[in-house]
Amino acid sequence: MNRTYIARTALWASVLVLGGACSTSDILDVNNPDEIAVGTLDDPRLIQVGQNGVIDAFDNAYVSSIIQYSNFITDEVITGLNFEDYARANQRIVSYLEGPTTQIFENLSRSLRLAHGLSEAIRGWATADPATDFDTELATALAYAGYSALVLAENTCQSVISPDPDNPSGTVLSQAETFAAALPYLTEALTIAQAAGDVAL
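Everything in this summary refers to the structure shown in the same document. Note that the structure is a prediction, hence the values are computed from the model and not measured.

### Quick word on the packing of aromatic side chains
Reasoning step 1: Using the criterion set out here, one finds 3 aromatic pairs in the structure.
Reasoning step 2: Judged by centre distance (5.6 Å) and plane angle (70°), the rings of F58 and Y144 are edge-to-face. One end of the pair, F58, is in helix α3 (residues 47-69); the other, Y144, is in helix α6 (residues 135-155), and 86 residues separate them in sequence.
Reasoning step 3: Classification of F58 by relative accessible area gives buried; the value is 15%.
Reasoning step 4: Every member of this aromatic cluster is reached through a ring pair, and the members are F58, Y62 and Y144.

### Observations concerning the environment of E98
Reasoning step 1: Turning to its location among the elements, E98 is positioned in the loop between α4 (84-90) and α5 (102-128).
Reasoning step 2: A C-alpha to C-alpha distance of 10.0 Å links E98 and E84, two positions 14 residues apart in sequence.
Reasoning step 3: Those residues in contact with E98 that lie beyond four places of it in its chain are D85 and R88.

### Examining the pattern of salt bridges
Reasoning step 1: One pass over the full model with this rule turns up 3 salt bridges.
Reasoning step 2: With its nearest N and O atoms 2.6 Å apart, the salt bridge here joins R45 to D43.
Reasoning step 3: Across the pair E120 and R123 runs a salt bridge whose closest N-O atoms are separated by 3.2 Å. Placement of the pair is E120 and R123 together in helix α5, with a separation of 3 residues, close to one helical turn.
Reasoning step 4: When its relative accessible area of 29% is taken as the criterion, R123 is described as partly exposed.

### Focus on the packing of α6 against helix α7 (residues 175-196)
Reasoning step 1: With their axes 8 Å apart at the nearest point, α6 and α7 run at an angle of 160° to one another. One element, α6, and the other, α7, form an angle in the roughly antiparallel class. Relative to α7, the crossing made by α6 is left-handed.
Reasoning step 2: By residue class, the composition of the contact of α6 with α7 is 19 nonpolar, 3 polar and 3 charged.

### Focus on the nonpolar core
Reasoning step 1: Counting 32 residues, the largest nonpolar core has L108, L112, L118, I122, W125, L142 and I161 as the members making the most contacts within it.
Reasoning step 2: Broken down by secondary-structure element, the contributors of at least two residues to this core are α3, α5, α6 and α7.
Reasoning step 3: Among the elements that make up this core, the one with the highest residue count is α6 (9 residues).
Reasoning step 4: In this view, L142 contacts S119, R123, Y185, E188, A189 and I192; residues no more than four positions away in its chain are not counted.

The rules behind these values
Going along each chain's sequence as written, the residues are numbered from 1 onward. Whole-chain, interface and lining totals are the exception, using all residues; otherwise, since this is a predicted model, local features are given only for residues with pLDDT of at least 70 and side-chain atom pairs are given and counted only at 80 or more. In computing side-chain values, all of the structure's heavy atoms are included and hydrogens and water are not. Pairing of aromatic side chains requires ring centres within 6.5 Å, counting the rings of Phe and Tyr and the six-membered ring of Trp. Pairs whose planes differ by under 30 degrees are stacked, by over 60 edge-to-face, and all others tilted. Put simply, DSSP marks the helices as runs of H or I at least four residues long and the strands as runs of E at least two long, and each gets a number from the N terminus on. Exposure categories follow from relative accessible area, calculated using a 1.4 Å probe and restricted to protein chains: below 20% of the type maximum is buried, above 50% is exposed, and the middle band is partly exposed. Only heavy atoms matter for contacts: two residues are in contact if any of them lie within 4.5 Å across the pair. The working definition used for a salt bridge is a side-chain nitrogen of Lys or Arg within 4 Å of a carboxyl oxygen of Asp or Glu. Comment: axis = line fitted to C-alpha atoms, over the contacting stretch for helices; angle = value between 0 and 180 degrees taken between N-to-C directions. Orientation labels follow simple angle bins: below 35 degrees gives roughly parallel, above 145 gives roughly antiparallel, 65 to 115 gives roughly perpendicular, and whatever is left gives oblique. Crossing handedness is read from the near helix: turned anticlockwise from the far helix by less than a right angle, it gives a left-handed crossing, and turned clockwise, a right-handed one. Classification used: nonpolar for Ala, Val, Leu, Ile, Met, Phe, Trp, Tyr, Cys and Pro, charged for Asp, Glu, Lys and Arg, polar for all others including Gly. We define the nonpolar core as a collection of buried residues of types Ala, Val, Leu, Ile, Met, Phe, Trp, Tyr and Cys that are connected through side-chain atoms lying within 4.5 Å of one another.

Here it is in structure tokens:
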């Protein structure tokens, strides 16, 4: 036996021993001490976290999806890509289920869902703690929900709005109906902001 053979055998033996000592599921099990568990999000102390999530979702939808992809459904841009779904977008055959335009619907729907969910959570917190003023946060969440629906209406001919994930809607809204869905959010946001004297909102 030469030294290379002995070294190689020892290496494989150590790999097998170490491999048997720890499984891959243990290797991948990492606990993040800074992670906020989903079950703990229903806490008014985390209202800023929820609001930051709503603002980021709308910003991402507008900057990354609307500005980038809405031009694909106008006469201004041709993608230059030959993928089948992009080729259809070049011909102005647009589906919000595929291709470059799918993110317009998906990201605005996510933004609307987050804003609506936060506004409902704030209503619950305000009911449980009437002494705390949640008006600015509620108006902000409602405004972002309204803007999400408004921009969705501007960029789609039809849409489905399902703010409640437990009861998804199967109703297809026309563009006018989608604009109308934005109005209650924006009207309530304006009413609350005016009553609170928040001119910045």
